[in-house]
Amino acid sequence: GSYQPKLEDRKNKWLQIMNGETNDCKPNNNNDAPIRLHQDVNIYVSELDFGKTVSYDLGKDRQAYLVCPEGSVKINGVVELE
């Protein structure tokens with residue numbers, strides 16, 4: 001199947017579209033994402049207007065992977081991707 005989130009749901013804010021589960025098959029957070037994966041993963045999307053920002057607190061022992069398909073992004077004011 002496929003899922004196309006509405007623009008207004010992801011515009012200038014994070015929208016969780018997928019959440020995973022822990023080893024005991026329980027959701028790994030309390031969000032009710034439309035897609036559930038049998039892995040310990042959370043996937044968010046956002047579409048930002050120029051000059052807008054979003055923040056995300058990465059939990060202890062967690063990793064992040066960021067994809068910026070167009071434009072540029074600055075992370076913690078240090079790393080800039082174009």
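See the structure printed just above.
### What about the overall build of the protein chain?
Phase 1: Looking only at helices and strands, one finds one helix and five strands in the protein chain.
Phase 2: Seen in sequence order, the protein chain has helices and strands lined up from the N terminus as α-β-β-β-β-β.
Phase 3: Taken over the C-alpha atoms alone, the protein chain extends approximately 40 × 30 × 20 Å along its principal axes.
Phase 4: Classification of the 82 residues of the protein chain by burial places 15% in the buried group.
Phase 5: For the protein chain, contacts bridging at least 24 residues in sequence account for 34% of all contacts bridging at least 6.
Phase 6: In the form shown here, the protein chain has an accessible surface area of approximately 7,100 Å², with 48% of it arising from carbon and sulfur atoms.
Phase 7: The positive charge centre, built from 10 side chains, and the negative charge centre, built from 13, are 3 Å apart in the protein chain.

### Focus: the pairing of strand E1 (residues 15–19)
Phase 1: For E1, the tally of buried residues reaches five of five residues, placing the bulk of the element in the interior.
Phase 2: Bridging between E1 and strand E3 (residues 42–45) involves four bridges; their strand directions are antiparallel. Paired with Met18 across the strands is Ile43, a residue of E3.
Phase 3: Sheet topology places E1 next to strand E2 (residues 35–36); two bridges connect them, and they run parallel. Looking at the pairing, Met18 lines up with Ile35 of E2.

### Examining unusual backbone geometry
Phase 1: Its identity is not glycine, yet Asn12 carries a phi of approximately 60°, on the positive side.
Phase 2: Take Asn12: its relative accessible area is 24%, and that puts it in the partly exposed class.
Phase 3: Here the phi dihedral of Asp61 falls at roughly 60°; this positive angle occurs in a residue that is not glycine.
Phase 4: Relative to the helices and strands, Asp61 resides in the loop between E3 and strand E4 (73–75).

### Regarding the packing of aromatic side chains
Phase 1: Scanning all chains against the criterion turns up three aromatic pairs.
Phase 2: For the pair Trp14 and Tyr56, a centre-to-centre distance of 6.4 Å together with 75° between the ring planes defines the contact as edge-to-face. Placement of Trp14 in the loop between helix H1 (7–10) and E1 and of Tyr56 in the loop between E3 and E4 is noted, with a sequence separation of 42 residues between them.
Phase 3: With relative accessibility at 43%, the residue Tyr56 sits in the partly exposed group.
Phase 4: Ring pairing ties together the aromatic residues Trp14, Tyr44 and Tyr56, which thus form one cluster.

### Topic: a nonpolar patch on the surface
Phase 1: Taken together, the side chains of Trp14, Tyr56, Leu58, Leu66, Ile75, Val78, Val79 and Leu81 define a hydrophobic patch exposed on the protein surface, amounting to about 700 Å² of accessible area.
Phase 2: Mapped onto the elements, Val79 comes out in strand E5 (residues 79–81).
Phase 3: Assessed through its relative accessible area of 40%, Val79 is described here as partly exposed.

Criteria and thresholds
- Within each chain, residue numbers correspond to sequence positions counted from 1 in written order.
- Residues qualify for local features only when their pLDDT is at least 70, as the model is predicted, and side-chain atom pairs are given and counted only at 80 or more; totals for whole chains, interfaces and linings, by contrast, use all residues.
- In computing side-chain properties, one takes all heavy atoms of the structure into account and sets aside hydrogens as well as water.
- For helices the rule is a DSSP run of H or I covering at least 4 residues; for strands it is a run of E covering at least 2, with both sets numbered from the N terminus onward.
- The buried label applies to any residue whose accessible area, calculated with a 1.4 Å probe on protein chains only, is under 20% of its type's maximum; exposed applies above 50%, and partly exposed to all values in between.
- Residue contacts are defined here by distance: any two heavy atoms, one from each residue, within 4.5 Å place the two residues in contact.
- Each accessible area value is a Shrake-Rupley result obtained with a 1.4 Å probe; residue values ignore everything except the protein chains displayed when judging cover.
- The charge count treats Lys and Arg as positive and Asp and Glu as negative. His and the chain ends do not count.
- Charged groups are reduced to one reference atom each: NZ for lysine, CZ for arginine, CG for aspartic acid, CD for glutamic acid.
- Each pair of strands is called paired provided DSSP finds at least two bridges between the two strands.
- Put simply, two rings from Phe, Tyr or Trp (the six-membered ring, in Trp's case) pair if the centres are within 6.5 Å, and we call them stacked under 30 degrees between planes, edge-to-face over 60, tilted for the rest.
- Two joining distances apply to patches: 9 Å for like charges and 5 Å for nonpolar side chains (Val, Leu, Ile, Met, Phe, Trp, Tyr), and every residue must have over 30% relative accessible area and no salt bridge.
- Just to be clear on terms, a salt bridge is a Lys or Arg side-chain nitrogen sitting within 4 Å of an Asp or Glu carboxyl oxygen.

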